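A closer look at the structure
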Amino acid sequence: MRVFLRAMDGVNAVVTAIVAALLAVVAVAVMAQVMVRFVLTAAGINISAPWTEELARYTLIWMVFLGAAVGVRHARMIALEFGVRSLPARAGVPLRYAVMLLSMAFFGLLFWVGIDFLDLGRSETSPVMGITKDKVYWAMPAGMVLMILNSLALIAETVVEGRDIRFASDFAPED
């Protein structure tokens, strides 16, 4: 079990680095778009860079799905924790595990929806960059697989270490 946890933490370290690189790409693309639209236009240079908008949009999609997967591992997803935390352990702990299992079922459903979208994406091409959209649509199934694995890792960690899953986000490493 600990091998699985270490492996997932290693995968998440790589995914976090990828998300950071994607954030840098978004920042550069948006800055280039601002420069072209406002600064160069004000200087009388009228050029266009529509690829920056597509690049930023597609990069943000990948960032969201990968970043959310890492958030699942550290119990940092949006939740109504005050309700579960206020319950006694006898009721709150099983409820939190049930919510985790329900979330994994939802992630599984989104995985299959994402796989269906891949067929559509193979027949669509982005208007400016000219890439097939399946490269963008892969973000959903990839993110969902990581979310399921990270959910399992979070459950395993709380069981192995004897932690109360209701307070899992309190034990997550600080960034």
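Here, every reference points to the structure presented above.
These notes cover the structure that comes with them. Here the structure is a predicted model, which means the values were calculated and not measured.

Its location among the elements puts Leu66 in helix α2 (residues 51-73). For Leu66, a relative accessible area of 8% gives the class buried. It is 9.1 Å that separates the C-alpha atoms of Leu66 and Asn12, two residues lying 54 residues apart in sequence. The contact partners of Leu66, leaving out residues within four places of it in the chain, are Val15, Ile18, Val19, Leu22 and Leu146.

With that settled, consider the packing of aromatic side chains. Any two aromatic rings considered together are summarised by their centre-to-centre distance and by the angle between their planes. What the rule picks out here adds up to two aromatic pairs. Relative to Trp112, the ring of Phe111 lies with its centre 5.0 Å away and its plane at 80°, an arrangement referred to as edge-to-face. Of the residues examined, Trp112 reaches a relative accessible area of 55% and is grouped as exposed. Judged by centre distance (5.7 Å) and plane angle (85°), the ring pair of Phe117 and Tyr137 falls under edge-to-face. Note that Phe117 is positioned in helix α4 (residues 89-122) and Tyr137 in helix α5 (residues 134-137), a separation of 20 residues in sequence. Under the relative-accessibility criterion, Phe117 is labelled partly exposed at 39%.

Counted under the stated rule, the structure contains seven salt bridges. Arg163 is the salt-bridge partner of Glu157, the closest N and O atoms lying 4.0 Å from each other. When its relative accessible area of 27% is taken as the criterion, Arg163 is described as partly exposed. In this structure, Glu161 and Arg163 form a salt bridge, with 2.8 Å as the shortest nitrogen-oxygen distance. We classify Glu161 as partly exposed; its relative accessible area is 36%. In this structure, a network of salt bridges that share partners links the residues Asp9, Arg73, Glu157, Glu161 and Arg163.

Here we take up α4. Given 3.6 residues per helical turn, the α-helix brings residues three or four places apart onto the same face. An ideal rise of 1.5 Å per residue puts 50 Å on 34 residues; α4 measures up with 49 Å between its terminal C-alpha atoms. Every buried residue of α4 is listed here: Gly92, Arg96, Met100, Met104, Phe107, Gly108, Gly114, Leu118 and Gly121.

Turning our eyes to something else, we now look at the environment of Gln33. As for its placement among the helices and strands, Gln33 is situated in helix α1 (residues 2-42). Its relative accessible area of 14% is what places Gln33 among the buried residues. For the pair Gln33 and Thr52, spaced 19 residues apart in sequence, the C-alpha to C-alpha distance is 6.0 Å. With residues up to four places along the chain from it excluded, the contact list for Gln33 reads Ala49 and Thr52. A polar contact of 2.5 Å, which involves the side chain of Gln33, links it to the side chain of Thr52.

Each value, and the rule that gives it
- Residues numbered from 1 in each chain as written.
- Predicted model: local features only at pLDDT ≥ 70, side-chain atom pairs only at ≥ 80, totals over all residues.
- Heavy atoms only, no water.
- Helix = DSSP H or I, 4+ residues; strand = E, 2+ residues; numbered from the N terminus.
- Buried < 20%, exposed > 50% of the residue type's maximum accessible area, 1.4 Å probe, protein only.
- Contact = heavy atoms within 4.5 Å.
- Phe/Tyr/Trp six-rings, centres within 6.5 Å; stacked < 30°, edge-to-face > 60°.
- Salt bridge = Lys/Arg side-chain N within 4 Å of Asp/Glu carboxyl O.
- Expected span 1.5 Å × (residues − 1).
- Polar contact = N/O pair within 3.5 Å; in protein donor to acceptor, adjacent residues only side chain to side chain.

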